[in-house]
Amino acid sequence: MQLRLAYAGDRGMMVSWNTYSQLSSPSVKWGTDPNHLNHEDFSDVSITYSTSTTYNNHVFVNHLQPNTQYYYLPQCATTPSSFRTGRQAGDGTPFTFAVAVDLGTMGSDGLSTTVGKGAANPLKPGEINTIQSLTQYKSGFDFLWQPGDLAYADAWLKEEIGGYLPNTTIADGYKVYERILNDFYDEMAAVSSEKPYMVGPGNHEANCDNGGTTDKAHNITYTYSICMPGQTNFTGYINHWRMPSPQSGGLGNFWYSFNHGMVHYVQINTETDFGNGILAPDEPGGSGAENAGPFGRYPNEQIDWLENDLRSVNREKTPWVIVAGHRPWYLSGTTCPPCKQAFEPLLLKYGVDLVLNGHSHLYERQAPINNGTVDPAELNNPKAPWYITNGAAGHYDGLDTLPATLQSYTRFAIDTVYGWSRLTAHNCTHLTHEFVASANGSVLDTATLFKQRKCKLDYPKA
Ligand SMILES: [Fe+2]
């Protein structure tokens with residue numbers, strides 16, 4: 001169950017799935033013919049944590065050809081699934097990828113047609129949710145990227161206090177937490193068993209308490225102290241995923257990069273590990289009250305890695321550099337000033353093209369911005385990074401509300417629709433972002449970035 005893929009270097013794919021029992025040597029059979037899976041890879045990674053109800057199995061499938069269809073059968077599965085490997089760096093063929101942020105469980109444990117007290121924006125009867133929309137449109141994108149806030153299992157107590165889920169005791173809450181996690185990853189398997197699913201850390205991965213949950217009726221505020229052992233410090237997230245840090249010099253699932261065709265993708269961690277004496281939101285004493293991390297082996301590890309990674313990009317082969325982090329620092333709403341302080345100087349210095357984020361549950365497209373000032377070129381060959389916030393994928397708590405006055409750098413905003421982002425790299429110079437409404441697939445906003453530059457791209461036969 002919970003079958004999920006992730007790109008793992010130029011020639012690899014990480015295949016992950018969960019089982020109720022530990023596997024002594026998880027294996028994946030694979031090949032290009034579904035009736036003849038003539039290769040097999042193994043690992044010794046079948047791991048769990050206290051309070052988890054499952055084991056996370058991770059097998060690295062290697063020696064693959066780029067942009068090639070493979071069939072694969074993880075141990076315990078009965079029918080093969082398939083994936084397509086990543087495009088070689090420098091491949092100039094146009095392609096599309098999907099991004100969703102703040103995408104939580106759908107259905108009886110999450111977003112449905114009803115909500116409890118304190119939540120809003122239920123789905124309309126029969127309305128297609130974001131997981132269903134991504135599933136419906138998956139043939140149109142190469143992979144899905146979710147920079148933070150997956151599942152919202154830590155909303156379990158909020159959902160109970162709101163009368164949406166039946167009450168358990170605090171001690172038994174872990175069962176609800178784990179059930180939500182398992183539900184979410186099972187729902188996502190409709191996409192993630194076929195499309196690589198790249199993820200980043202968000203505050204809702206940090207622990208079990210949602211950064212503090214208040215029961216107003218009984219005047220009790222719960223903090224991370226209620227979390228069972230194994231539910232703090234991003235434990236579930238660390239166990240569940242194997243992002244391509246070994247291949248990119250990053251750190252676990254917290255920060256890493258990968259290439260796909262003409263794009264270099266960078267996942268940053270806006271939750272912990274800012275270095276340079278800057279307190280990150282989820283760290284002990286930080287604004288997010290999550291009491292997690294830091295994770296780096298030394299205080300500036302993430303920033304040093306980011307600078308080295310950005311400096312090393314071959315812009316003739318991967319002209320587009322797209323950075324995703326969970327929290328925004330340009331938005332008509334609550335922003336993350338320490339994130340700006342930590343990351344913006346490097347993103348400016350190395351000419352990052354686009355910064356994607358979420359955390360606020362709405363959609364807002366901003367202009368290219370340099371330290372608070374709009375790049376006068378707008379999308380016509382700007383020097384500064386272009387920013388887009390799309391945290392409107394949907395979860396139990398619904399959507400956030402835009403302030404009455406939007407920022408002067410805001411170019412389009414909507415706070416009443418669930419949706420995801422579809423991005424298309426056309427060539428060396430043009431990249432389009434679309435906001436897709438989950439309910440009906442309509443595109444509610446589209447914008448294209450132009451960059452004047454020369455590339456050395458290849459056009460291999462598919
Ligand atoms: Fe968040």
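Bear in mind that the values here come from a model prediction, so they are computed numbers and not experimental data.

**Examining the pairing of strand β16 (residues 256-260)**
Most of β16 sits inside the fold, with 4 of its 5 residues counted as buried. Where β16 and strand β17 (residues 263-267) come together, 5 bridges link them in antiparallel fashion. Paired with N259 across the two strands is H264, which belongs to β17. With antiparallel pairing between neighbouring strands as the criterion, β16 and β17 make up a hairpin whose turn holds 2 residues, including G261 at a positive phi of roughly 60°.

**Description of the coordination of the iron ion**
Taken together, D149 (OD), N203 (OD1), H326 (NE2) and H359 (ND1) make up the full set of protein donors to the iron ion, lying 2.0 to 2.1 Å away. Around the iron ion, the 4 donor atoms are arranged such that angles at the metal cover 90 to 164°; this shape is classified as irregular. All donor residues of the iron ion come from one chain, and their arrangement in sequence is D-x53-N-x122-H-x32-H. Highlighted residues: D149 in the loop between β11 (144-147) and β12 (150-151) and N203 in the loop between β13 (197-200) and β14 (213-215), separated in sequence by 54 residues. In terms of burial, D149 and N203 fall into one category: buried.

**Some points on the UniProt feature "domain: Purple acid phosphatase N-terminal" (unreviewed entry) in the protein**
Those places that UniProt annotates as "domain: Purple acid phosphatase N-terminal" (unreviewed entry) correspond, in this numbering, to residues 2-82. Note that residues 2-82 is 0% helix and 47% strand, and that its end C-alpha atoms are spaced 15 Å apart.

**As for the domain arrangement of the protein**
Domain annotation of the protein identifies domain 1 (1-86) and domain 2 (88-450). Computed from C-alpha atoms alone, the centre-to-centre distance between domain 1 and domain 2 is 25 Å. Summing both sides of the interface, domain 1 and domain 2 together bury roughly 2,500 Å²; the carbon and sulfur share of this comes to 53%. One can count 0 salt bridges joining domain 1 with domain 2.

**Thoughts on the UniProt feature "domain: Purple acid phosphatase C-terminal" (unreviewed entry) in the protein**
Under the feature "domain: Purple acid phosphatase C-terminal" (unreviewed entry), the UniProt entry names residues 384-446. The annotated region residues 384-446 carries 0% helix and 46% strand content, and the separation between its end C-alpha atoms amounts to 19 Å.

**A word on the side chain of H395**
Mapped onto the elements, H395 comes out in the loop between β22 (386-390) and β23 (410-414). A distance of 3.4 Å separates a polar atom in the side chain of H395 from a polar atom in the side chain of H361. If we ignore the near neighbours within four places in the chain, the residues touching H395 are D102, G104, L111, Y152, H361 and Y418.

About the criteria used
Residues numbered from 1 in each chain as written. Predicted model: local features only at pLDDT ≥ 70, side-chain atom pairs only at ≥ 80, totals over all residues. Heavy atoms only, no water. Buried < 20%, exposed > 50% of the residue type's maximum accessible area, 1.4 Å probe, protein only. Helix = DSSP H or I, 4+ residues; strand = E, 2+ residues; numbered from the N terminus. Pairing = 2+ DSSP bridges. Donors = N, O, S within 2.8 Å, 3.2 Å for Na, K, Ca; no water. Tetrahedral: all angles 85-135°; square planar, octahedral: opposite > 155°, others 65-115°. UniProt positions renumbered as here; feature names shortened; annotations may be inferred. Domains from an automatic or database assignment. Buried area = accessible area lost by both parts, 1.4 Å probe. Salt bridge = Lys/Arg side-chain N within 4 Å of Asp/Glu carboxyl O. Polar contact = N/O pair within 3.5 Å; in protein donor to acceptor, adjacent residues only side chain to side chain. Contact = heavy atoms within 4.5 Å.

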